[in-house]
Amino acid sequence: MAARVLRPLTRPKPFNRLQIILQHLKISKQTDSTAEVLFEKKGGAGIITLNRPKALNAINFSMIRQIYPQIKTWEKDPETFLIIIKGTGGKAFCAGGDIKAIRDAGKAGNKMTQDFFREEYTLNNAVGTCKKPYVALIDGITMGGGVGISVHGRFRVATERTVFAMPETAIGGGYFLPRLSGKIGYYLALTGFRLKGRDVLKAGIATHFVESEKLPALEKDLIALKSPSTENIADLLNSYHMKSKADQEKDFVLDEHMEKINSLFSGNSMEEIVKNLKQDGSPFAIKQLETINKMSPTSLKLTLRQLREGASMSLQDVFTMEYRLSQACMRGPDFYEGVRAVLIDRDQSPRWKPAALEEVSDEFVDDCFKPLGSNDLKL
């Protein structure tokens, strides 16, 4: 009788232990899937997944600090032949940097405003100098900081869902934008114009176009490549690119305006560009004037000079210049005012200081480009 009572009491113990193990595994899995950035090694590929879908995969400080060492580790690993970077959620590859956090840090006089940009440009440089082929799947919104971790890599694959823009005039884009054909890079930087889908390829920003539904198959094929060279990877991407027929025949969205873009945006100063647009007076020119008039005059002047100088600089020198500009923007009022108007109060009515291009002196602009001594970015 006693034995019969004892048996049911002792039997559940192993079951409980199994339950605990299963529960632990479940928690571990949840913790992994909720990480802001995921790293996997599959076949010969190291895969980076930006995993903040609710924030449109905006890149924050902790993500930068995780991605950089991982790229460096895979770069040295003889078993890793390529690096793939992508975003989760289907809406965005990466919608930019964590602007609110930078704003809060800047307002509090926190050192993070230096550290964030220093490490972000160091990461962008790691992407631009990566010894392993780097494949960015820029499916969805790709802006600001998302451009920095993709466009400097060897391969950039756009889809019909790609939306590309550089909205935070004056920080970023100083290397690749002035190298696009004609004055298109100047136009994109000074107006924040958004390119979509295949136009991202036609502008020279993406290297390939693949329909978004084919990305899982492309990724699988990239992973399956055995000891691939850059040429093997290019061949595979080309084969997918050639099969993408969607809207292939359509003209580039800016084709009809390219002549005007090239002439109107070739001014040596912002005042000259504005004068060109006013004199032209076409509906296209008037539309660009309206856009430019909403922008920070300080940012416009810094951006134009950054593009003109960046056109003949090395990638590292451009990042050093952009770091100096990022710190100048942190010191001035317009960055905070822009974030307030767009992200905090959302009134879309920023009050810029100074409010007019003529009030932004050449001396002030020169000052923003000056070396920062021991605080300069060193790459």
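As the structure is a prediction and not an experimental result, all values here were calculated from the model.

Chemist: I'd like to hear about the overall build of the chain, residue by residue, with values.
Modeler: Along its length, the chain carries 17 helices and ten strands. Per-residue burial for the chain yields a buried fraction of 49% across its 379 residues. Long-range contacts, defined here as pairs at least 24 residues apart, represent 72% of the contacts in the chain between residues at least 6 apart. Accessible surface computed for the chain: about 18,600 Å², of which carbon and sulfur atoms make up 54%.

Chemist: Which residues make up the pattern of salt bridges, and what values go with them?
Modeler: Within this structure, the stated rule accounts for 20 salt bridges. Here Arg-103 and Asp-104 are joined by a salt bridge, their closest N and O atoms 3.2 Å apart. Judged by its relative accessible area of 14%, Arg-103 is buried. Arg-340 is paired through a salt bridge with Asp-347; the nearest N and O atoms lie 2.7 Å apart. Asp-347 sits in the partly exposed class, given a relative accessible area of 34%. The network of salt bridges with shared partners includes Glu-337, Arg-340, Asp-345 and Asp-347.

Each value, and the rule that gives it
- Residues numbered from 1 in each chain as written.
- Predicted model: local features only at pLDDT ≥ 70, side-chain atom pairs only at ≥ 80, totals over all residues.
- Heavy atoms only, no water.
- Helix = DSSP H or I, 4+ residues; strand = E, 2+ residues; numbered from the N terminus.
- Buried < 20%, exposed > 50% of the residue type's maximum accessible area, 1.4 Å probe, protein only.
- Contact = heavy atoms within 4.5 Å.
- Areas by Shrake-Rupley, 256 points an atom, 1.4 Å probe, with all protein chains shown as cover.
- Salt bridge = Lys/Arg side-chain N within 4 Å of Asp/Glu carboxyl O.

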